[in-house]
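Topology and contacts: notes
Single-letter residue listing:
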Amino acid sequence: MKSYTPWRVVVAAAILLVLLSFGVVFKPGNAEPFFLSLPYVFWSSILITALLVALTFIGTRVFPHKED
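For clarity, every value in this text was computed on a predicted model and none was experimentally measured.

Moving on, we come to the overall build of the protein. Secondary structure summary: the protein contains two helices and zero strands in total. Considering the protein as a whole, with its 68 residues, one finds that 15% of them fall into the buried category. Put simply, the protein shows about 5500 Å² of open surface, and 73% of that area lies on carbon and sulfur atoms.

By the element assignment, S44 lies in helix α2 (residues 40–62). Not counting residues within four places of it along the chain, the set of residues in contact with S44 comprises V25 and F26.

For P33, the position within the fold is in the loop between α1 (5–25) and α2. The exposure class of P33 is partly exposed, given its relative accessible area of 45%. As for P33 and W43, which are separated by ten residues in sequence, their C-alpha atoms are 10.0 Å apart. In this structure P33 touches L38, P39, Y40 and W43, once residues within four positions along its chain are discounted.

Attention shifts here to the environment of V10. Within the secondary structure layout, V10 lies in helix α1. Taking C-alpha positions, V10 is 6.2 Å from G59, a pair spaced 49 residues apart along the chain.

Attention now moves to the nonpolar core. V10, L17, V25, Y40, I48 and L55 form the largest nonpolar core, which has six residues in total. Of all the secondary-structure elements, those providing two or more residues to this core are α1 and α2.

So, about the side chain of S21. One can find S21 in helix α1. What makes S21 buried here is its relative accessible area of 3%. Here the side chain of S21 touches V18 through a polar contact of 2.8 Å, landing on its backbone oxygen. For S21, the residues in contact, after removing those within four places along its chain, are F26 and I48.

Here is what the cut-offs are and how they apply
Residues numbered from 1 in each chain as written. Predicted model: local features only at pLDDT ≥ 70, side-chain atom pairs only at ≥ 80, totals over all residues. Heavy atoms only, no water. Helix = DSSP H or I, 4+ residues; strand = E, 2+ residues; numbered from the N terminus. Buried < 20%, exposed > 50% of the residue type's maximum accessible area, 1.4 Å probe, protein only. Areas by Shrake-Rupley, 256 points an atom, 1.4 Å probe, with all protein chains shown as cover. Contact = heavy atoms within 4.5 Å. Core = buried A, V, L, I, M, F, W, Y, C linked by side-chain atoms within 4.5 Å. Polar contact = N/O pair within 3.5 Å; in protein donor to acceptor, adjacent residues only side chain to side chain.

Now the structure itself:
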């Protein structure tokens, strides 16, 4: 049986990112600081979305049950 360590790392990173974003990053009423005249929640959500897209791309490459 093969070890699917890269896949499990990607899944764990995605779950951790989602938990941290909704548990720590997106607090109600947190609009400061501003970056390029964008509030905190907006630019942090753009960053988190980009990270999730990158993890999705990596996940498609290391998915253990591909049909060859």
